[in-house]
Amino acid sequence: MSRIEKAFDHGKAFIGFVTGGDPTLEKSEEFIMEMVRGGADLIEIGIPFSDPIAEGPVIQDANIRALANGATTDKLFDMVASIRKKTDIPIVFLTYLNPVFKYGYETFSQKCQEAGVDGLIIPDLPFEEKQELAPIAKAYDVDVISLIAPTSKDRITKIAADAAGFIYVVSSMGVTGVRSEIQTDLDSILKLIREASDRPAAIGFGISTPKQAKEMAGIADGAIVGSAIVKIVEKYGDAAGPHIYEYVKSMKDAVMEA
Amino acid sequence: MSKGRFGVHGGQYIPETLMNEIIRLEEAYEFYKNDKDFNDELNTLLKEYAGRPSLLYYAEQMTKDLGGAKIYLKREDLNHTGSHKINNVLGQCLLAKRMGKTRVIAETGAGQHGVATATAAALLNMECEIFMGKEDTDRQALNVYRMELLGAKVHAVTSGTMTLKDAVNETMREWTSRVSDTHYVLGSVMGPHPFPTIVRDFQSVISREAREQILKLEGKLPAAVMACVGGGSNAMGMFYHFIPDKEVRLIGCEAAGRGIHTDQHAATIAKGTLGIFHGMKSYFCQDEYGQIAPVYSISAGLDYPGIGPEHANLHDTKRAEYVPVTDEEAVAAFEYLAKTEGIICAIESAHAVAQALKVAKEYTPEDSIIICLSGRGDKDVAAIARYRGVEIYE
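Cut-off values and rules
Residues numbered from 1 in each chain as written. Chains lettered and ligands numbered in written order. Predicted model: local features only at pLDDT ≥ 70, side-chain atom pairs only at ≥ 80, totals over all residues. Heavy atoms only, no water. Contact = heavy atoms within 4.5 Å. Buried area = accessible area lost by both parts, 1.4 Å probe. Salt bridge = Lys/Arg side-chain N within 4 Å of Asp/Glu carboxyl O. Polar contact = N/O pair within 3.5 Å; in protein donor to acceptor, adjacent residues only side chain to side chain. Helix = DSSP H or I, 4+ residues; strand = E, 2+ residues; numbered from the N terminus. Nonpolar A, V, L, I, M, F, W, Y, C, P; charged D, E, K, R; others polar. pLDDT = per-residue confidence, 0-100. 1 Å grid on protein atoms, 1.4 Å probe; cavity = no way out; pocket = protein on both sides within 12 Å on 5 of 7 lines; lining within 4 Å. Points joined across faces, edges and corners; volume = space filled by probe spheres on them.

(A) Geometry of the interface of chain A and chain B. Every contact between the two is made by 38 residues of chain A and, on the other side, 34 residues of chain B. Of the roughly 3000 Å² buried at the junction of chain A and chain B (both faces included), carbon and sulfur atoms supply 53%. If you sort the residues of chain A by the area they bury against chain B, Asp51, Ile53 and Lys102 of chain A come out on top, with a joint share of 21%. The interface formed by chain A and chain B contains five salt bridges. As a salt-bridge pair, Arg155 of chain A and Glu16 of chain B come within 2.9 Å of each other at their nearest N and O atoms. Linking chain A with chain B are 23 residue pairs in polar contact (both at pLDDT 80 or more). Counting residues per element, the ones that place at least two in the side of chain A that touches chain B are helix H3 (57-68), helix H4 (73-84), helix H5 (97-103) and strand E5 (143-148) of chain A. Broken down by element, the residue count for the side of chain A that touches chain B peaks at six residues, all from H5 of chain A. Here the side of chain A that touches chain B is built from residues that sort into 19 nonpolar, eight polar and 11 charged.

Printed below as a string of structure tokens:
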């Protein structure tokens, strides 16, 4: 069983996101360990990118903070290697395709394996283009995670059937960010996914409250939260650690009730 | 390899949320490009509304002064709205209407594409929102007001470098949040398939006309055609029907800003490397980690860190040449054309004029060169004055 599969083998999963190197690499590592302590089942680390087209303002700003403070792909590999010494939690990178392409698909995948990165979520790599990376990553035991959106409709079956690791269900139209309401008919999407795949599916985009997390984890196998955690970093800066722990704990508790 | 490739370039690197919309767009385009009613309507608009065919003007003063090839100017600046952008916009807006869309959104750099989109939206009774970098809304304030007069809502984009690439980012974000009634009128031969093909096809009217016009005037093909290149839509339109004519040199002129030895340029072919951004694989100005580089040009329309995938392939296959032209050279050419021919062209187009000034003497009067004058320069007068140290307030 892969580390990613293990994240889903003991009830509903809570997946937390931070932008790597926001505000600094040292603090990022500390925040990730707080998420682990708070009960997160899988950690998503964003590789900061100059032009994150799928992100809303909160994560855009985190990208700017991280890049301004010197975060690079190599430094994030070092950070993951350091975290790996302390925990066996599954870790995936959220990255745009260009930083991976420019690094070299083969070298990047190999570095993921060496550092202990289990998967890659790439918002600008749709099903049609996935084959240029997925087989190479797979050779290094790195899963390229598939995303399914509210507009996917007739595409859901083929995407789910081909999925590795877990399936990332995008809850809403638009970019990442906190939303008061999620209106997509997620039950129907999950039904189609279940028919096509036995991979676990987690819902992300727009989730911030324990109530929402519980509701989403009730529909799927887990809930993914990004912007709400990054907002805590934005608000408290270097002192965000304890606040992240409290928040993640409350969200994990909510997910477990689902 | 996926669809929409030019050699290794192109593809569809976009969020899943947009994939079905892009597939629908491709299907609609494949149908309507061969539909008689659609083409009749588009051709009527191009003729009656945009003022096509555009003139191929023999620049006699310039030719005499340079003492080499005969210089011809393809006068896209005389189109309605003042640039080549209207060719693509009328096509895409008609297509969007056929697809049942009621709202169009677009990015703009200098404002030419934004003005053209706002114009077509007004004409075709569609809602219109334009995304423009904050830096560009400042340097092209007149175009912002022009778009508002036409009924468009203009958003000043304050993320990133606040220029064209950020305007594209923001328009893509907007499209991701609302696709059902909205078409993204992409302004250049870039982005995910099918945009590079759609925009090239709509712009190829430039070379279809120019090829016929020059054959009629000169009885033979030109020695070279040249055009400025940001994303590359006027250049692709100017090159397209000459691509099979191997004896015609195709020259794209990139913005070298303060020089390609500095970090203040937008010369993608000269200094960029292969990457994947804005939905396409192509060449981009970027760092070793694939972070997109801030670029610079005096011209807001060429201030873009990438180039369309078909250009990238024309470069790889050596069918076209791409040369860097600095701010200083472009401004000098802008002034030269004004004084010599009485034509104030866009600072973007002045990059192509500058290249012609350099190479005209390599040819004899038996040869001809066509420069694509992609836009008119009214919008640039204040900026050029500032460049020359004269403060003018609009």
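(B) Examining the confidence of the model for chain B more closely. The share of residues in chain B with pLDDT of 70 or more is 99%, and the mean pLDDT across the chain is 96. The ipTM for the predicted assembly is 0.97, set against a pTM of 0.97.

(C) Up close: empty space enclosed by the protein. This structure, assessed with the given rule, holds seven cavities of 30 Å³ or more. One number sums up the size of the largest cavity: a volume of about 330 Å³. Lining the largest cavity we find 28 residues, and of these His84, Lys85, Ser233, Gly301 and Glu348 of chain B sit closest to its centre. Mapped by element, the contributors of at least two residues to the lining of the largest cavity are strand E5 (103-108), helix H5 (112-123), helix H8 (164-177), helix H11 (233-239) and helix H15 (347-359) of chain B. By volume, the second largest cavity is sized at about 270 Å³. Taken together, 24 residues make up the lining of the second largest cavity; nearest its centre are Pro123, Leu147 and Val170 of chain A together with Pro15 and Glu16 of chain B. For the lining of the second largest cavity, the secondary structure elements donating two or more residues are E5 and strand E6 (167-170) of chain A together with helix H1 (16-32) of chain B. Here the element with the most residues in the lining of the second largest cavity is E5 of chain A; it accounts for four residues. Here the lining of the second largest cavity is built from residues that sort into 16 nonpolar, five polar and three charged.

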